[in-house]
Each structure stands twice: as C-alpha cells, then as structure tokens.
Amino acid sequence: ALRRVDEPDEPVAHLELHGVHVEEGLHLGRGLGGLLPLHVLGLDGANSTEWLDGRLNTLLGFRLADSSAVWLSQGSAPSSTSPDSGATSASEATNLSYSAGVNYALTRWIRPYVSVSDSYNSPLNQNNDPYGRKADASHAVGEEAGIKLQNARGTLSGSLAFYGVRSKNEQY
C-alpha cells in the first residue's frame, strides 16, 4: 500500500495492488461429473484518492482474471444437430472488470455519491445445450447513485440509493 501526503492542498492517494493470485489443482466433481485441471490467474488493484481537503473522494479499481478448466461428465447422446456428446468440455476466459466511484461532502453529514462496476462469472454448467453450444460467461454492469447520511457524532448512518443492473448470459 502507498500513501502520499506532500502538501495539505494536494490530493491524498491510497493505492493497493493486490498482486497475482494463482489457483491450480485437481478438483473432484460431484455425482457423475468431475472437474479436472483448474487454473485461475488474477491481478487486481484499487486506488482511493481524497481531494479538496477530504471533501471529494474517488475510487478506481480493476480485476484481470484468466482461467481455464476441463470438465468430464456423462455427456449426452450425439445427434445430427449436436455431434459432440459434451462428455469432455473445456473453458478458457480472460476478463477485465472495473469499478469507479465518487462522493462529495456537502456537509459533515450529507454525501451524494455515484458508482459503476462490472463483473464476469464463469458458467455454472459446462455441458452443451441441445444444439451443441457451450455456455458463455455471464457479464453484468451496475450503476448506483444516492446520498449517504450520518449524524454529527457518527453513531448513526444510512443511505438512500437508486441503482440499475444490465446483464447477459445469466445462468440459473
């Protein structure tokens, strides 16, 4: 973590680079299916900066994830529309997610804010659909705007927010 304070009028920056996360191994499945090699590599970071003597706060973050896996299952009978039985299925993905937000202190107890972020989720099921297609990763983008409130002693706080989410390839 890095914290920089040179002059009172300059922004205060806090930077975290969480590094590289690697998960590898053999993971056994449940029932008739199994997950064989799994590889996940991730790099993420965040920057929180105070401006204007702490009245304005900004936050920026990212996550770069690379993953690959192979599944074994009982599959399904091959057909003319789906010649692949799906008994062995592989998945590879590289996704970059982001988040950003800002809030401003109108008074010591009222802070309006806005934020936006996105995320990816790997498919829950790696079997092919009836047409032989593999599932894609789901992706969502969310936005939020609102007001944060707290009493003068900081013992009671709350917020009023409006939000929206757009997503695709959801799996249930």
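Scroll up to find the structure.
What you see is a predicted model, and the numbers here were worked out from it, not measured in a lab.

## Describing the overall build of the protein
In step 1: What the protein contains, in helices and strands, is zero helices and eight strands.
In step 2: Seen in sequence order, the protein has helices and strands lined up from the N terminus as β-β-β-β-β-β-β-β.
In step 3: Looking at the 172 residues of the protein, the share that counts as buried comes to 19%.
In step 4: In the protein, the proportion of contacts linking residues at least 24 apart, taken out of those at least 6 apart, comes to 51%.
In step 5: With the model as given, the accessible surface of the protein reaches about 12,000 Å², and the carbon-plus-sulfur share is 58%.

## Topic: the pattern of salt bridges
When the charged atoms of two side chains with opposite charge come close together, those side chains can pair.
In step 1: Tallied over the full model, the rule gives two salt bridges.
In step 2: Put simply, Arg-63 and Asp-44 hold a salt bridge, and the shortest N to O gap is 3.9 Å. You can see Arg-63 sitting in strand 4 (residues 56-72) and its partner Asp-44 sitting in strand 3 (residues 34-51), a full 19 residues away along the chain.
In step 3: We note a salt bridge from Glu-143 to Arg-166, for which the minimum N-O separation is 2.8 Å. Within this pair, whereas Glu-143 is found in strand 7 (residues 138-150), its partner Arg-166 is found in strand 8 (residues 157-168), the two being separated by 23 residues in sequence.

## Overview of unusual backbone geometry
In step 1: Within the chain, Leu-52 stands out as a residue other than glycine whose phi angle is a positive 50°.
In step 2: Among the secondary structure elements, Leu-52 is positioned in the loop between strand 3 and strand 4.
In step 3: The partly exposed category is assigned to Leu-52, whose relative accessible area is 45%.

What counts and what doesn't
- Residues numbered from 1 in each chain as written.
- Predicted model: local features only at pLDDT ≥ 70, side-chain atom pairs only at ≥ 80, totals over all residues.
- Heavy atoms only, no water.
- Helix = DSSP H or I, 4+ residues; strand = E, 2+ residues; numbered from the N terminus.
- Buried < 20%, exposed > 50% of the residue type's maximum accessible area, 1.4 Å probe, protein only.
- Contact = heavy atoms within 4.5 Å.
- Areas by Shrake-Rupley, 256 points an atom, 1.4 Å probe, with all protein chains shown as cover.
- Salt bridge = Lys/Arg side-chain N within 4 Å of Asp/Glu carboxyl O.

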